[in-house]
Amino acid sequence: MATIAPGGRPAAPTPDADGGATVVSERRRGPRILDLAVRSPALGGIAQVRLLLPPGWSADSTRTWPVLWLLHGAGGGAGHESWTAAGDAERLTAGLDVIVVMPDAGRAANYSDWWNCGRGGTPKWETFHLAELRQILERRYGAGTARAIAGCGMGGMGAVAYAARHRGLFRAAASFSGPLNLLHRDTARLDVPDLVELAVAVGRPGADWKGLWGDPVGQRVVWRHHNPFDLADRLAGVRLYVSAGDGTPGPLDPSPGTGPDAVEALAQTVARQFSGKLRKLGVPASTHFYKGTHAWPYWRRELRAALPTLLAEIT
């Protein structure tokens, strides 16, 4: 590994991950913040990752720490910086004996290896996060095997889908305003396939949005394989927290000037569908449905509320 930061770690004698992913630089951004640049074969390029380090963390320690993953939403925004820039993650996790991992997921942020008309290939975000990056963190940064995961918007979908698709990897998962039923259709208004199409159009201009999972009808099996609603039975034993607003301006929205939010209204509709399916399956979950929009003030509040649930399973 080559570092561009003073006092950086020495070069690693072997690749960081089995597939050849390697850390190419580290930068300290504060007492707890460590940013990594990772060269990823799964992505065909370099991705950024931000870590929040626990008290007493040392690169030379043989100790391991529990891990909390925080995933950002679609559109990219600040990417790996989102949860510290807008989500108050540094303050909310201050003093906690956990490593907080905040990886970039691209501007499309769909937390998946792209189907690409059945050809596969890049980008493989799921492989990057759960194989390459996980191996790097466990081999070189003290990450343990007690893991929880949470996210906002598409990151909330990703958190629950990752926990379901990789049974035993995460002990707890939380979704804040996540579209938890990817196959929810509504011809009269915005539906989830519309939201996926919009995310790809904004995040990867010029890309065919059907390259992600194919057509929702023609490749329904592929969509179901990534859909939290269809994977709900695989979440037995995972501690769950699900929340979303109703899309109407709430107590944390600027007033006056905030209008109805169709994206958040959709998020609550499908979160209620998902929660209802969990109840039918006998899978317990904590839920919070509230008045509010698709905005960071609510996700900061929800992270604070969900932390005790998440931490109880890993610390």
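Anything mentioned here points back to the structure above.
First, a word on scope: everything that follows refers to the structure included in this document. Remember, it's a predicted structure, so these values are computed and weren't measured experimentally.

A word on the overall build of the chain
At step 1: Within the chain, the secondary structure is distributed over eight helices and nine strands.
At step 2: The globule rule puts the C-alpha radius of gyration for 315 residues at 20 Å, and the 19 Å found for the chain is close to it.
At step 3: On the principal axes, the C-alpha backbone points of the chain span a range of 55 × 45 × 40 Å.
At step 4: The buried share among the 315 residues of the chain stands at 55%.
At step 5: Restricting the contact set of the chain to residue pairs at least 6 apart, pairs at least 24 apart contribute 68%.
At step 6: Distance between charge centres in the chain, computed from 35 positive and 28 negative side chains, equals 3 Å.

Looking at the sheet that holds strand β7 (residues 172-176)
At step 1: Judged by pairing direction, the sheet is mixed, and its nine strands sit side by side in the order β1-β2-β3-β5-β4-β6-β7-β8-β9 without closing on themselves. At either margin of the open sheet sits one strand with a lone partner, and together these are β1 (22-28) and β9 (286-290). Across this sheet, the average inter-strand angle for adjacent strands is 20°, counted without regard to direction.
At step 2: Where strand β2 (residues 33-40) meets strand β3 (residues 45-52), eight bridges bridge the pair, whose relative direction is antiparallel. Each residue of the ladder has a partner; that of Ser40, found in β3, is Gly45.
At step 3: Sheet contacts for helix α7 (residues 262-281): β8 (239-245) and β9; angle to β8, the most-contacted strand, approximately 150°.

Quick look at the nonpolar core
At step 1: Counting 70 residues, the largest nonpolar core has Leu36, Leu51, Trp69, Val101, Phe128, Leu137 and Tyr141 as its most contacted members.
At step 2: Per-element accounting of this core gives the leading share, eight residues, to helix α4 (residues 154-165).
At step 3: Counting 25 residues, the second-largest nonpolar core is a separate cluster that includes Ala146, Trp299, Leu307 and Leu311.

Some remarks on the pairing of β9
At step 1: Bridging between β8 and β9 involves five bridges; their strand directions are parallel. Residue Val242 lies in a different strand from β9, and its bridge partner there is Thr287.
At step 2: As a crossover connection, the stretch from β8 through α7 into β9 is right-handed.

Overview of the pattern of salt bridges
At step 1: Taken as a whole and assessed by the stated rule, the structure comprises 16 salt bridges.
At step 2: Among the ionic pairs, Asp88 bridges to Arg91, the shortest N-O distance being 2.7 Å.
At step 3: Overall, Asp88 belongs to the partly exposed group, its relative accessible area being 24%.
At step 4: Close ionic contact of Glu138 with Arg134 constitutes a salt bridge, the shortest N to O distance being 3.3 Å. Here Arg134 and Glu138 lie together in helix α3 (residues 125-140), a separation of four residues that amounts to about one turn.
At step 5: Among the charged side chains, a network of salt bridges with common partners joins Arg29, Asp35, Arg50 and Glu81.

Reading guide: rules and limits
Residues numbered from 1 in each chain as written. Predicted model: local features only at pLDDT ≥ 70, side-chain atom pairs only at ≥ 80, totals over all residues. Heavy atoms only, no water. Helix = DSSP H or I, 4+ residues; strand = E, 2+ residues; numbered from the N terminus. Rg over C-alpha atoms; globule rule 2.2 N^0.38 Å. Buried < 20%, exposed > 50% of the residue type's maximum accessible area, 1.4 Å probe, protein only. Contact = heavy atoms within 4.5 Å. Lys, Arg positive; Asp, Glu negative; His and termini not counted. Charge placed at Lys NZ, Arg CZ, Asp CG, Glu CD. Pairing = 2+ DSSP bridges. Axes fitted to C-alpha atoms, helices over the stretch in contact; angles between N-to-C directions. Core = buried A, V, L, I, M, F, W, Y, C linked by side-chain atoms within 4.5 Å. Right-handed = clockwise from strand over helix to strand, strands pointing away. Salt bridge = Lys/Arg side-chain N within 4 Å of Asp/Glu carboxyl O.

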